[in-house]
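Observations on the three-dimensional arrangement
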Amino acid sequence: MTFEEPCGDNATERMDTVEKALEEVLTAALPQGCITVGVYEAAKSLNVDPDNVVLCLLATDEEDVKDVALQIHFTLIQAFCCENDINILRVNNMRRLAEILEGVKPGGESMDLHCVLVTNPQSSTWKDPALSKLNRFCRDSRGLDQWVPVINLPER
């Protein structure tokens, strides 16, 4: 299956595979403490140790598109990630992302899931087949001049 096939069953299957790979990466990274959540927390983490970040997710819902401040933050984070060779994905469906990341802080307060970083575990470099699929998808997307591909997480 090649990425040059923009429509049809192969493109649908590829997106399903990418969506599942993203879910696998997030569920594997969460118990390892390799998730940074929130625009400001992500910016701090990127500033301190960008070489440790393996993936950046920028998540929005329909109402977030009109939030100018959030879009400015996204632009700055995207520029930093591009400068530091960090793969970026746009994710639609923040409700599903919250389910995957168990998106509630202790005390019942919801988390800012607009920006999520996945980092390497402190002990070693992470070798995950699902992460490799996402990296390949990002690389293929850049080859098609789609620098920040969009993934629509399906409802469960």
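Residues numbered from 1 in each chain as written. Predicted model: local features only at pLDDT ≥ 70, side-chain atom pairs only at ≥ 80, totals over all residues. Heavy atoms only, no water.

Looking at an unreviewed UniProt entry, one finds the protein chain named Growth arrest and DNA damage-inducible protein GADD45 alpha and attributed to Anabarilius grahami. In its Subcellular location (unreviewed entry) section, UniProt records this for the protein chain: "Nucleus". The record held by UniProt for the protein chain lists under Sequence similarities (unreviewed entry) the comment "Belongs to the GADD45 family." (UniProt positions renumbered as here; feature names shortened; annotations may be inferred.)

**Considerations on helix α3 (residues 68–83)**
Taking 1.5 Å of rise per residue, 16 residues should cover 22 Å, and α3 covers 23 Å from first to last C-alpha, within 8% of that figure. All of the buried residues along α3 are Leu70, Phe74, Ile77, Gln78 and Cys81. Along α3, the residues classed as buried sweep out an arc of 105° about the axis, all on the same side. Opposite the buried face of α3, by more than 90 degrees, sit the exposed residues Val68, Thr75, Leu76 and Glu83. Structurally, α3 contributes buried residues whose contacts are with α2 (39–48), β2 (53–60), β3 (88–92) and β4 (115–119). With a side-chain oxygen positioned 3.3 Å from the backbone nitrogen of alanine 69, the residue opening α3 is aspartate 67. Immediately downstream of α3, the backbone of aspartate 85 shows phi near 55°, a positive value. (Helix = DSSP H or I, 4+ residues; strand = E, 2+ residues; numbered from the N terminus. Expected span 1.5 Å × (residues − 1). Buried < 20%, exposed > 50% of the residue type's maximum accessible area, 1.4 Å probe, protein only. Arc of directions from axis to C-beta. Contact = heavy atoms within 4.5 Å. Polar contact = N/O pair within 3.5 Å; in protein donor to acceptor, adjacent residues only side chain to side chain.)

**Observations regarding the environment of leucine 70**
As for its position among the elements, leucine 70 is in helix α3. A sequence separation of 44 residues divides leucine 70 from histidine 114, and the C-alpha atoms of the two residues are 8.3 Å apart. Contacts of leucine 70, omitting those with residues within four sequence positions, involve Val39, Asp64 and His114.

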